[in-house]
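# An overview of the molecular structure
Below are the chains, spelled out letter by letter.
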Amino acid sequence: MPSDAENSLLEYHPQQYGDDPTSIRDTDKYTDEYVRGFVEKWDELIDWDQRMESEGNFFIEELRKRGVRKVLDVATGTGFHSVRLIEAGFEVVSADGSPYMLAKAFENGRRRGHVLRTIQADWRWLNRDVTGRFDAVICLGNSFTHLFSDRDRRKALAEFYSALKHDGVLVIDQRNYDSILDHGFDSKHQYYYCGDQVSARPEHMDDGLARFCYQFPDGSTYHLNMFPLRKQYTIDLMRQVGFQRVDTYGDFQETYHEADPDFFVHVAEKC
Ligand code: SAM
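It should be emphasised that the depicted structure is a prediction, and the values quoted were computed from it without experimental measurement.

### Describing the sheet that holds strand β3 (residues 117–120)
- Taking strand neighbours across the sheet as the criterion, the seven strands line up as β3-β2-β1-β4-β5-β10-β9 in an open arrangement whose pairing is mixed. Across the chains shown, the open sheet's two edge strands, defined by having one partner strand only, are β3 and β9 (245–250). For this sheet, the mean inter-axis angle between neighbouring strands, taken without regard to orientation, is 20°.
- Across four bridges, strand β2 (residues 91–96) lies against β3 in parallel orientation. Counterpart to Ser 94 in the pairing with β3 is Thr 118.
- Helix-sheet contacts for helix α9 (residues 150–163) involve β1 (70–73), β4 (134–139) and β5 (164–175), and the interaxial angle to β5 is about 140°.

Shown next, in the form of structure tokens:
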């Protein structure tokens, strides 16, 4: 067993992708991509005030209009949406597979006067660790992209589906990978949902991998290896696991030109 001192050193270890980073296409990888140093930097990356401004009340209104009260945030990260929804009056359970993310979310919640109900859970086995049924499951911040196989994506969606009440709603967002794969990356997309001090850009793209590099003003650099989900594929998967209706917004708008939005938001209803 490592001692506490050894553990804290381990927590701050650098990200490790080995000699051939683009060969790493593995769902389990997220657990050591979100190393403590990156998690500490995450709020600098997403800039809560700027993000609040850019998304406005979109999620709150989508949930309210469906009469949602109980929400399961399955990709809590540092707690941005969990905190926003608690402050908007929803009852929220905050889950994530990364203990470092959850610890940071708890700390962020405390600083704003909330006690987050956190549960460490991997989406593939969500209902083993999370009990109860929810009016809504949210998986935001381009998180679903961390699943690298079709099987894992189906498994996770099936777990989200069964965590919902009979008339529940699932909200998933994703980067507009179609646009990057088909037309290349445009630097105007560089700062979406990021603080303007941090750059996020793809370092490698192919049909099976989007490897992004995040550069911070202090010179530190982190990476994420993600699966480039095509929009229609995600919609088809949601329908195939049983969601009856899927509405997709482009940068929070109902109408858009396919290549324009940075992000898509899918709102999937069970009935
Ligand atoms: N939603 C937050 C936000 O918008 O800032 C966090 C987004 S971050 C890109 C992705 C989150 O998904 C991380 O906190 C990561 O730990 C979590 N995650 C990725 N794959 C997961 C899995 N298989 N099970 C549970 N959590 C996972």
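### A word on the nonpolar core
- Judged by nonpolar contacts, the single largest core of 56 residues is most densely connected at Phe 38, Leu 72, Phe 144, Phe 160, Leu 170 and Tyr 214.
- Looking at this core, the element that brings in the most residues is helix α3 (residues 36–46), giving five residues.
- Grouped together as the second largest cluster of nonpolar side chains are 18 residues, Ile 60, Val 92, Leu 140 and Tyr 249 included.

### Some words on the site of the ligand
- Tyr 34, Arg 51, Ala 75, Asp 96 and Leu 140 are the nearest of the 20 residues found near the ligand.
- In this structure, Tyr 30 approaches the ligand through a side-chain N or O atom, which is 3.3 Å from a nitrogen atom.
- One of the side-chain N or O atoms of Asp 96 is found 2.6 Å from an oxygen atom in the ligand.
- In isolation the ligand offers 600 Å² of accessible surface; the protein chains occlude 99% of this area.
- The residue inventory of the shell around the ligand, partitioned by class, reads ten nonpolar, seven polar and three charged.

### Here we look at the side chain of Glu 55
- As for its placement among the helices and strands, Glu 55 is situated in helix α4 (residues 48–55).
- In this structure Glu 55 comes out as buried when scored by relative accessible area, which is 8%.
- Excluding its chain neighbours within four sequence positions, the residues that come into contact with Glu 55 are Phe 80, His 81, Arg 84 and Phe 252.

### Notes on the pattern of salt bridges
- Applying the stated criterion across every chain, the model contains 24 salt bridges.
- Glu 40 is paired through a salt bridge with Arg 36; the nearest N and O atoms lie 3.5 Å apart. Taken as a pair, Glu 40 and Arg 36 lie in helix α3 at a separation of four residues, close to a single helical turn.
- Among the residues examined, Glu 40 registers a relative accessible area of 36% and is labelled partly exposed.
- In this structure Arg 36 comes out as partly exposed when scored by relative accessible area, which is 26%.
- In this structure, Arg 124 engages Asp 122 in a salt bridge whose closest nitrogen and oxygen atoms are separated by 2.9 Å.

Parameters at a glance
- Residues numbered from 1 in each chain as written.
- Predicted model: local features only at pLDDT ≥ 70, side-chain atom pairs only at ≥ 80, totals over all residues.
- Heavy atoms only, no water.
- Pairing = 2+ DSSP bridges.
- Helix = DSSP H or I, 4+ residues; strand = E, 2+ residues; numbered from the N terminus.
- Axes fitted to C-alpha atoms, helices over the stretch in contact; angles between N-to-C directions.
- Contact = heavy atoms within 4.5 Å.
- Core = buried A, V, L, I, M, F, W, Y, C linked by side-chain atoms within 4.5 Å.
- Buried < 20%, exposed > 50% of the residue type's maximum accessible area, 1.4 Å probe, protein only.
- Near = heavy atom within 4 Å.
- Polar contact = N/O pair within 3.5 Å; in protein donor to acceptor, adjacent residues only side chain to side chain.
- Areas by Shrake-Rupley, 256 points an atom, 1.4 Å probe, with all protein chains shown as cover.
- Nonpolar A, V, L, I, M, F, W, Y, C, P; charged D, E, K, R; others polar.
- Salt bridge = Lys/Arg side-chain N within 4 Å of Asp/Glu carboxyl O.

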